[in-house]
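What follows is the residue order along each chain.
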Amino acid sequence: MPAPPQVNFALKRKYPNPTVDQAWLDACYEWVIEDSGLTIGTVNAEVIAKIDLQLLQSDLDDSMVAGTGLPQNIDELHDIRIGTGPQGAIMCQINAMTEIGHSAFSLQNVRQTRIDRADLAGLVEAGVEDEEENAPIPKYPRSTLRFVLSDGSISMRAMEYKRLPGLQLGETPMGCKLLLKNVLVRRGIAFLEPEGVTILESSRTEEREEVQDGDFARGLRLRMGLPDVEPEASLAPGPSDLRDAPTAPPPASPVQPPHARAPPVQSQRVARAEIDDSFDDDFTGDDDIFAEIDAIEKKHTSQQTPQIPAKEEKPVNRKGGQEDVIEIDSDDSEVRMVNTERLGTTKKSAILSQYDDDIIEISD
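Throughout what follows, the structure given in this document is the object of discussion.

Quick notes on the rules
Residues numbered from 1 in each chain as written. Predicted model: local features only at pLDDT ≥ 70, side-chain atom pairs only at ≥ 80, totals over all residues. Heavy atoms only, no water. Phe/Tyr/Trp six-rings, centres within 6.5 Å; stacked < 30°, edge-to-face > 60°. Helix = DSSP H or I, 4+ residues; strand = E, 2+ residues; numbered from the N terminus. Buried < 20%, exposed > 50% of the residue type's maximum accessible area, 1.4 Å probe, protein only. Pairing = 2+ DSSP bridges.

So, about the packing of aromatic side chains. Overall, the coordinates contain two aromatic pairs when judged by the stated rule. Judged by centre distance (5.4 Å) and plane angle (80°), the ring pair of Tyr140 and Phe216 falls under edge-to-face. You can see Tyr140 sitting in the loop between α5 (104–125) and β3 (145–150) and its partner Phe216 sitting in helix α7 (residues 212–223), a full 76 residues away along the chain. Ring geometry for Tyr161 and Phe191: centres 6.1 Å apart, planes at 90°, overall edge-to-face. Placement of the pair is Tyr161 in the loop between β4 (155–160) and β5 (177–180) and Phe191 in strand β7 (residues 189–192), with a sequence separation of 30 residues. Taking relative accessible area as the criterion, Tyr161 reaches 45% and is therefore assigned partly exposed. Among the residues examined, Phe191 registers a relative accessible area of 3% and is labelled buried.

Burial along β7 is two-sided: Ile189 and Phe191 and Ala190 and Leu192, pointing in opposite directions, are all buried. Pairing between β4 and β7: four bridges, direction parallel. If you follow Met159 over to β7, its bridge partner there is Phe191. Bridge count between strand β6 (residues 183–186) and β7: three bridges; the pairing is antiparallel. Pairing of Val185 across the sheet is with Ala190, part of β7.

Right, here's the structure in full:
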């Protein structure tokens, strides 16, 4: 049954762009009426609120009309603001998110710890005791977030220009909706600030959450230069498991109604956006802001390679049976201190040649 015009007006007033697909909206309205036991044609605040919730928890690929949100040439825009003028704000969903202010190696270490702690929480629920059962699940470090946003048909790259307090890696679900207003786009990248971004509560997309951790892990591997793996190969728990991980079974909650689905229509779905190093290639130019972004990325990318284990100690005996080599470990690094004054010229040369830069000469 067609949704009454009042429903269209209410959604358009709240979310100016993109336009809600009419077939999806009609099916959603019909489901809400049947689920609430109301008569056909009923329109009130409760009905509109339920449709609103279904929209926020839908995939915009399914619920929005293609080409009615972000500019189709978004990758070519520079020094342009979107979500302004008579067109109004634009609703987008987060299709991918990562942290560029910390190295991929450190993020992967945190991810593995979170998985281990989540598994431990599951054992505690099953009655298996462990001395670390009360260990909290760590949060990812927070610096600068990078996103792929979509209006359902067009994807746009974005990053924090100023911190958005409501977003957190590992906690914010994929499909979370953002309302963008007067947002600056430079070289096809949206620079997000709190005053131009409204985070829409209760918004998420279940099917994107199911692959969220696998996609995140794949992005980290690409940043570290490791071989790619298929998303299906990831056995990591979903983000909701990592976020909640209770130490005791939670109280029962009401079963959420299924999302309304529109009758079969021509698909508007686009391939799921991914984050990889190709995003970084656009951070070029003479502008100070792009130079600053590039510096942040290079600084932390250089820290991604694990430290190489220290060389095996090979002490050299000095006259009288005492060792000339003293090992000092600090932050997983090795320093060799050799009293070369007590060694002959040939032996001194051999030692300095063997250990090269690891040698610090000292004298009595």
